[in-house]
Amino acid sequence: MAIDLNELNSDDRYRTVAMNQFNSITAENIFKPVYLHPNENTFNWVEADQLVDFCETNNKRLHGHTLIWHNQLPSWIENFEGTSSDWDLMFKKHIQTICTHFKGKVSSWDVVNEAFEDNGELRNTIWRQKIGDSYIEKAFVYAHESDPDAVLFYNDYNIASKKAKRQAILELFNSLRQKGVPIHGIGMQMHISIDYPKNKKIENALTELSDDGYKIHFSEIDISVNPNGKDIEPSTELYDCQADKLTAITKLYKEIPSEYQYGMTFWGVSDQNTWIRTFFGREDYPLLFDDDYNTKPVYCKFKETL
Ligand code: G3I
């Protein structure tokens, strides 16, 4: 599950669920550059190390999210001035200081997040503009140099629904792997809804990625029951559809060879914590637990399917 440290520290119900229901943790925000690397020469480990302690004490696997992304960057990176080689040095230090700090504590990293557009073009992020297309390859090489045991992922959304995006991702990473670049897996974020994308598309994506030898992490699961932002009430019918969708994708996930199943991560615990409500400003109920931390039908069916 994705953890919000403030909730973990302030709400006993949240903490109880986090401790008892999940065996793998991703930080929803505090491992992102704006939090870990607020100034050029300052790294802030305080909150992240609290999460490391929580994981060690409670025997949870910790997945790092994310080293390189175009969002949630500190302003010093956005305003950094220098040649492309200055950028490369700064980028390398960012990645390697973080990977070295968490070596042996973080099992896996989303090394690069959301580098592609849905149409398959490379997103024109600040990293690409300043370092060039090779920033993706370099990020994996630098991360691996600092922590050779970490499992390294590329993470993105719409991998199942957008074929052009998936093909571009596979084309790039297959060619990098042929050169020996250490890329072990692909994170399919899975911000989906009860009827989108169709299960067949998810199945096709799982097959293509695992046939090409990537571990697959369902890295940010939530299943919207109200993607169009209508005025709705959570109903038994909607909750059953949500349960059916999660059951279907879980069954498909379990069908890929076990060595390619890295895990399933829910992007939050209770519906009251979901990013969807704040980000889209709509009513929605996409997670396993309701606003009062009661289990929902989707939780019960998921548990039966596991
Ligand atoms: O830290 C500030 C805090 O100081 C301030 O008081 C508060 C006021 O709004 O904002 C806090 O920052 C917010 C942060 O979450 C922590 O709560 C940001 O405004 C808000 O934009 C940020 O949203 C996060 C979002 O990524 C940023 O793009 C969501 O929580 C997080 O769930 C979401 O996660 C992303 C994944 O990393 C990548 N894939 C998509 C996914 C959903 O967008």
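What follows concerns the site of the ligand. The environment of the ligand is made up of 14 residues, and the closest members are E28, K32, Y35, H65 and E220. Here K32 contributes a side-chain N or O atom positioned 2.7 Å from an oxygen atom of the ligand. Within the side chain of H65, a nitrogen or oxygen atom sits 2.7 Å from an oxygen atom of the ligand. Alone, the ligand offers 790 Å² of accessible surface; in the complex the protein occludes 52% of this. A majority-of-atoms criterion places the ligand in the largest pocket. Each residue belonging to the shell around the ligand can be placed in one class, and the counts come to four nonpolar, six polar and four charged.

All right, on to the layout of surface pockets then. Size it by volume and the largest pocket reaches roughly 860 Å³. Lining the largest pocket are 37 residues, and of these Y157, Q189, H191, W275 and F280 sit closest to its centre. Among the secondary structure elements, those contributing two or more residues to the lining of the largest pocket are strand 7 (191-193), strand 8 (215-224) and helix 12 (275-280). Secondary structure elements with two or more residues in the lining of the second largest pocket: helix 11 (236-255), strand 9 (261-266) and helix 13 (297-305). Of all the elements, strand 9 adds the most residues to the lining of the second largest pocket, at six residues. Broken down by class, the residue content of the lining of the second largest pocket amounts to eleven nonpolar, six polar and three charged.

This paragraph deals with the packing of aromatic side chains. Applying the stated criterion across every chain, the model contains 22 aromatic pairs. Between W275 and F280, the ring centres sit 5.4 Å apart and the planes meet at 55°, which makes this aromatic pair tilted. Judged by relative accessible area, W275 falls into the partly exposed class, the value being 22%. Ring geometry for F289 versus Y299: centroids 5.2 Å apart, planes at 55°, classification tilted. One end of the pair, F289, is in the loop between helix 12 and helix 13; the other, Y299, is in helix 13, and ten residues separate them in sequence.

Across the six residues of strand 5 (residues 151-156), six count as buried, placing the element largely inside the fold. Of the two faces of strand 5, the one lined by V151, F153 and N155 and the one lined by L152, Y154 and D156 are each fully buried. The sheet contact formed by strand 4 (residues 108-113) and strand 5 spans five bridges and is parallel. If you follow N113 over to strand 5, its bridge partner there is N155. Judged from the four bridges that link them, strand 5 and strand 6 (residues 185-188) form a sheet pairing that is parallel. Each bridged residue has a counterpart across the sheet, and for Y154 the counterpart in strand 6 is I186.

A few words now on the nonpolar core. Grouped together as the largest cluster of nonpolar side chains are 99 residues, with contacts concentrated most on F31, L51, W109, W127 and F218. No other element matches the seven residues that helix 11 contributes to this core. Leave out the neighbours within four places in its chain, and W109 touches F31, H63, G64, H65, L67, I98, C99, F102, A150, V151, L152 and F153.

Reading the values: rules and limits
- Residues numbered from 1 in each chain as written.
- Predicted model: local features only at pLDDT ≥ 70, side-chain atom pairs only at ≥ 80, totals over all residues.
- Heavy atoms only, no water.
- Near = heavy atom within 4 Å.
- Polar contact = N/O pair within 3.5 Å; in protein donor to acceptor, adjacent residues only side chain to side chain.
- Areas by Shrake-Rupley, 256 points an atom, 1.4 Å probe, with all protein chains shown as cover.
- 1 Å grid on protein atoms, 1.4 Å probe; cavity = no way out; pocket = protein on both sides within 12 Å on 5 of 7 lines; lining within 4 Å.
- Sits in = over half its atoms within 2 Å of the grid points.
- Nonpolar A, V, L, I, M, F, W, Y, C, P; charged D, E, K, R; others polar.
- Points joined across faces, edges and corners; volume = space filled by probe spheres on them.
- Helix = DSSP H or I, 4+ residues; strand = E, 2+ residues; numbered from the N terminus.
- Phe/Tyr/Trp six-rings, centres within 6.5 Å; stacked < 30°, edge-to-face > 60°.
- Buried < 20%, exposed > 50% of the residue type's maximum accessible area, 1.4 Å probe, protein only.
- Pairing = 2+ DSSP bridges.
- Core = buried A, V, L, I, M, F, W, Y, C linked by side-chain atoms within 4.5 Å.
- Contact = heavy atoms within 4.5 Å.

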